[in-house]
Amino acid sequence: MRFKNTLLLALLLVWAAFLSGCGLKNITVIYVPKEADAFARGYLDMLRKGDIDGAISLTNKDFLTDKARTQFVNVSKLLDKGELIGAEVVKFQNMKGYFSKVKKTFIDYQLQFEKGWVEAVIVVDEANGKRSVAGLYVEPLPKSLKEIHSENFYAKPLPQYMLASFALIIPIFIFYTFMLCLTTPLRMKALWVVFIIIGIGRFSLEWTTGLVAFYPFSLLFFGSEALKDGIYGPWVLSFSFPLGAIAFHVYNRMRPARRGAESGGEPGGESAGEGA
């Protein structure tokens, strides 16, 4: 019965780690604020139709520069690719400051036109019931984001696969150590469990490009994480150093020797007693 409860707890922890790392934020795309979404789409439509003055009037004054009109004209040209077939939200994020009443919504669109694809990222500010644009980034795409990040998905060099394998090996090692810790009688077990299941640092690998980043001041639950940046974005695999799991195995190996030394006394004294 005790083993079943332990196994159930372990499975629940692994499932929680899976949910925390495997793209729950992708699900929230369907919850993009409707008002901010409608405002952003109308803003992009103004630029697509060449209504520069209308777009400027809806732009946050702090965002405007002396070259703003020229920049808006260039953006309008990028959006001039024929009839708009579809505009899809591929990622969004909400931010609200604790010490200010300004709410920011970052919305990433994939725009499909008759003559090509465009990615547009727009930042919508909302304060006192009024909305304005506080950021805009537009980039033409050679093809859809889904095609870009799925192309040659498996045709990666061997070193990239070897690096990605750590994202699978490390959580297995941590899970094994976690189960071993639960079934081993020792003091301060709860502290050991916490130390074991948290990985130190973070190595991140973007699968599409093969770019690698290291974040030393980071913690990962069960030492691994897999995130997809939006609906069609690249997969990012992350893993951390299992310091707690390694420390537990070192400590566990030293315990029998320490118990023997404490209970048996000095070897030399025992030999002298036997000789007498």
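Before reading further, recall that the structure is shown in the block above.
A. Spatial organisation of unusual backbone geometry. One non-glycine residue, Met 188, lies in positive phi territory at about 50°. Positionally, Met 188 belongs in the loop between helix H7 (158–182) and helix H8 (189–197). One non-glycine residue, Phe 222, lies in positive phi territory at about 60°. In this fold, Phe 222 is placed in the loop between strand S6 (212–221) and strand S7 (224–228). Residue classification places Phe 222 among the buried residues on the basis of a relative accessible area of 4%.

B. How the structure looks around helix H3 (residues 34–48). Helix length check: H3, at 15 residues, gives a terminal C-alpha distance of 21 Å against a target of 21 Å (1.5 Å per residue), a fit within 8%. Of all the positions in H3, only Ala 36, Asp 37, Phe 39, Ala 40, Tyr 43, Leu 44 and Leu 47 are classed as buried. Angular distribution of buried residues about the axis of H3 spans 165°; they occupy a single face of the element. Of the residues one or two after H3, Gly 50 is the one with positive phi, at around 85°.

C. How the structure looks around the nonpolar core. Membership of the largest hydrophobic core comes to 26 residues, with the highest contact counts inside it found for Leu 47, Leu 79, Ile 107 and Tyr 109. Elements supplying a minimum of two residues to this core: H3, helix H4 (52–57), helix H5 (68–78), strand S1 (84–96), strand S2 (103–113), strand S3 (116–127) and strand S4 (130–141). The biggest single contributor to this core is H3, with six residues. Among the nonpolar cores identified, the runner-up in size contains 15 residues, and Cys 181, Trp 192, Ile 196 and Ala 245 belong to it.

D. The arrangement of the packing of aromatic side chains in detail. Tallied over the entire structure, the rule returns 11 aromatic pairs. Note on Phe 221 and Phe 222: the rings are 5.1 Å apart at their centroids and 85° apart in plane angle, and the pair reads as edge-to-face. In this structure Phe 221 comes out as partly exposed when scored by relative accessible area, which is 29%. Members of the aromatic cluster, connected to one another through ring pairs, are Phe 153, Tyr 154, Tyr 161 and Trp 207.

E. Structural detail: the environment of Trp 117. Relative to the assigned elements, Trp 117 resides in strand S3. Along the sequence, Trp 117 and Gly 86 sit 31 residues apart, while their C-alpha atoms lie 9.8 Å from each other. Among all residues touching Trp 117, those that are not within four sequence positions of it are Lys 81, Gln 110, Leu 111, Gln 112, Pro 140, Leu 141, Lys 143 and Ser 144.

F. Representation of the packing of H3 against H5 within the structure. Put simply, H3 and H5 touch, their axes get as near as 8 Å, and they point 90° apart. With respect to each other, H3 and H5 are oriented roughly perpendicular. On H5, the residues that touch Tyr 43, Leu 47 and Arg 48 of H3 are Phe 72, Val 75 and Ser 76. Each residue belonging to the contact of H3 with H5 can be placed in one class, and the counts come to four nonpolar, one polar and one charged.

Rules used in this analysis
Residues numbered from 1 in each chain as written. Predicted model: local features only at pLDDT ≥ 70, side-chain atom pairs only at ≥ 80, totals over all residues. Heavy atoms only, no water. Helix = DSSP H or I, 4+ residues; strand = E, 2+ residues; numbered from the N terminus. Buried < 20%, exposed > 50% of the residue type's maximum accessible area, 1.4 Å probe, protein only. Expected span 1.5 Å × (residues − 1). Arc of directions from axis to C-beta. Core = buried A, V, L, I, M, F, W, Y, C linked by side-chain atoms within 4.5 Å. Phe/Tyr/Trp six-rings, centres within 6.5 Å; stacked < 30°, edge-to-face > 60°. Contact = heavy atoms within 4.5 Å. Axes fitted to C-alpha atoms, helices over the stretch in contact; angles between N-to-C directions. Parallel < 35°, antiparallel > 145°, perpendicular 65-115°, else oblique. Nonpolar A, V, L, I, M, F, W, Y, C, P; charged D, E, K, R; others polar.

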